[in-house]
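Working through the structure, step by step
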Amino acid sequence: MIRKSFYMLWGTQTVSNIADIVYTLSLVTLVFTESGSLLTTIFIPLFRMLSKMISGLIAPLVMSRSRLTSILIGSQLGQFLIFTGLIFYLWTSVEPSYPIIFMAVFGMSFLDGWTDPARNALIPRLATGDGLMRANGLMSVSDQIVKCSGWALSGVIVAVIGAIPTMWIASVSYFLAMFFTAFIRDPYAAGLKQAHSAASTASGAEGETRKPTYGQQLAEGWKILATNRRIRTLAIVDNIDTLGGAAWLGAFILAFVVQVLHQDASWWGFMNTVFFIGSIAGGVFIVARVKKLQKNAYLLMLLSLLAYVIITFFFAFNTIPMLALILFAVSGLPVQIAGIIRRTLIQQNLTPEETPSAMSALSVLSNFTFAIAMLLLGWIADRFGMRDMYVVAGLMTTAAVVLGFAYRAVFREEVAGGYAAEENVVVNKA
């Protein structure tokens, strides 16, 4: 079942993603045009990643004290205010200060770092049963469509009307996302509040209630990753796969196109486009076949990763541009299927109270792993060449598949206190 509030969440997150792309592209264009320095421009994505990692570390504290919907509204409101202030500053300043721009980027990204964990924790509250995988598929499809069309359309808009006018589109999008997020209703919020109140009353009758310390709250998500066997298995598979998946970063693809395929940068654009099309097809496949896929979800995830490994090895040793284009398009399908199923399995094996802190920990771990992967694969590419880098990337994902099969017995066991069990309890209390 999918609740009506999910579709509101789906729409607001799509608008918010559009705002992120428009703001990033317009700001990068402005900084690069004004400074003429690629090194200065690189600080924008660098500050974004660093800020999100720091934000993710303290996200459990925020989520333990606020409703998920309130966090989303607060994040979007903060981004709207910071970005609108930045626009006025750039509009009125003759020579803008780059530290001020980077501080604004850091602040917006810090707030945005709470969005993904909150969104991923809210989805299983708004979609249950077969609807959960379908909801994740719909989110994935819209994310990929926005990414596929957003960069191209934003580039055209910036070229036609300029960077600062384009920023106003992002500012209005943030405001609209914030406004409509206020209409999302979390069915668990009232139930959890009543449950906590009853527990506090019972504890108060026996003695003073002990509240968890800040340290305990910060460590809660990491504790879940360490003790929940299914979540630990999925986290290991996910992060090892992330090490290899970083090979599909735009800079690496561009280098492969130039050095191995001996084509110009236009082919890089073609490959990005077909990859997004393949990713969209993967999301649509999940949505259309959700009932059949639900029965053997974990096995299908591993088979999808295995298909992705085979495609990666073919891609590494191929020198024919058109075949590389086809392989790149096909790779998007298993990547999305594996990713959607993995996210769904994580959500299904967490209770409503565990989900926010666990999602925060997983987000931080994923961002850290991706940063390490970029450095490692970049060194391999420089030292041994692009072809060897893709071979190594394929071997990393192979390791994820092997470990996944080794621990598949974990997903045959019954897990008490799962999300479905908690769902009925909390809703009934509400």
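The preceding data block contains the structure.
The rules behind these values
- Residues numbered from 1 in each chain as written.
- Predicted model: local features only at pLDDT ≥ 70, side-chain atom pairs only at ≥ 80, totals over all residues.
- Heavy atoms only, no water.
- Helix = DSSP H or I, 4+ residues; strand = E, 2+ residues; numbered from the N terminus.
- Expected span 1.5 Å × (residues − 1).
- Buried < 20%, exposed > 50% of the residue type's maximum accessible area, 1.4 Å probe, protein only.
- Polar contact = N/O pair within 3.5 Å; in protein donor to acceptor, adjacent residues only side chain to side chain.
- Salt bridge = Lys/Arg side-chain N within 4 Å of Asp/Glu carboxyl O.
- Phe/Tyr/Trp six-rings, centres within 6.5 Å; stacked < 30°, edge-to-face > 60°.
- Lys NZ or Arg CZ within 6 Å of the ring centre and 35° of its normal.

1. Some words on unusual backbone geometry
One non-glycine residue, His262, lies in positive phi territory at about 55°. Tracing the backbone through its elements, the reader meets His262 in the loop between helix H11 (250–259) and helix H12 (266–288).

2. Looking at helix H10 (residues 229–245)
Between its terminal C-alpha atoms H10 stretches 24 Å, which fits the 24 Å expected from 17 residues at 1.5 Å a residue. Of all the positions in H10, only Arg230, Ile231, Thr233, Leu234, Ala235, Val237, Asp238, Asn239, Ile240, Asp241, Thr242 and Gly244 are classed as buried. Its side-chain oxygen placed 3.2 Å from the backbone nitrogen of Arg230, Asn228 serves as the N-cap of H10.

3. Brief notes about the pattern of salt bridges
Across all of its chains, the model carries five salt bridges by this definition. Residues Asp112 and Lys52 are paired through a salt bridge, measuring 3.0 Å at the closest nitrogen-oxygen approach. Of this pair, Asp112 sits in helix H4 (residues 98–112) while Lys52 sits in helix H2 (residues 38–65), placing them 60 residues apart in sequence. Arg119 is paired through a salt bridge with Asp143; the nearest N and O atoms lie 3.3 Å apart.

4. Describing helix H17 (residues 386–406)
Look at H17: 30 Å from first C-alpha to last across 21 residues, which is about the 30 Å you get at 1.5 Å a residue. By the burial criterion, the buried members of H17 are Met386, Met389, Tyr390, Val391, Ala393, Gly394, Met396, Thr397, Ala400, Val401 and Gly404.

5. A word on the packing of aromatic side chains
For the structure shown, the criterion picks out 30 aromatic pairs. Ring geometry for Trp248 against Tyr308: centres 6.1 Å apart, planes inclined by 55°, an arrangement best described as tilted. Here Trp248 is found in the loop between H10 and H11, whereas its partner Tyr308 is found in helix H14 (residues 297–317), with 60 residues between them in sequence. You can call Trp248 buried: its relative accessible area is 13%. One aromatic cluster in this structure is built from Trp248, Phe256, Phe275, Phe276, Tyr308, Phe315, Phe328 and Tyr390. Residue placement shows Arg383 over the ring face of Phe384; its charged tip is 5.1 Å from the ring centre.

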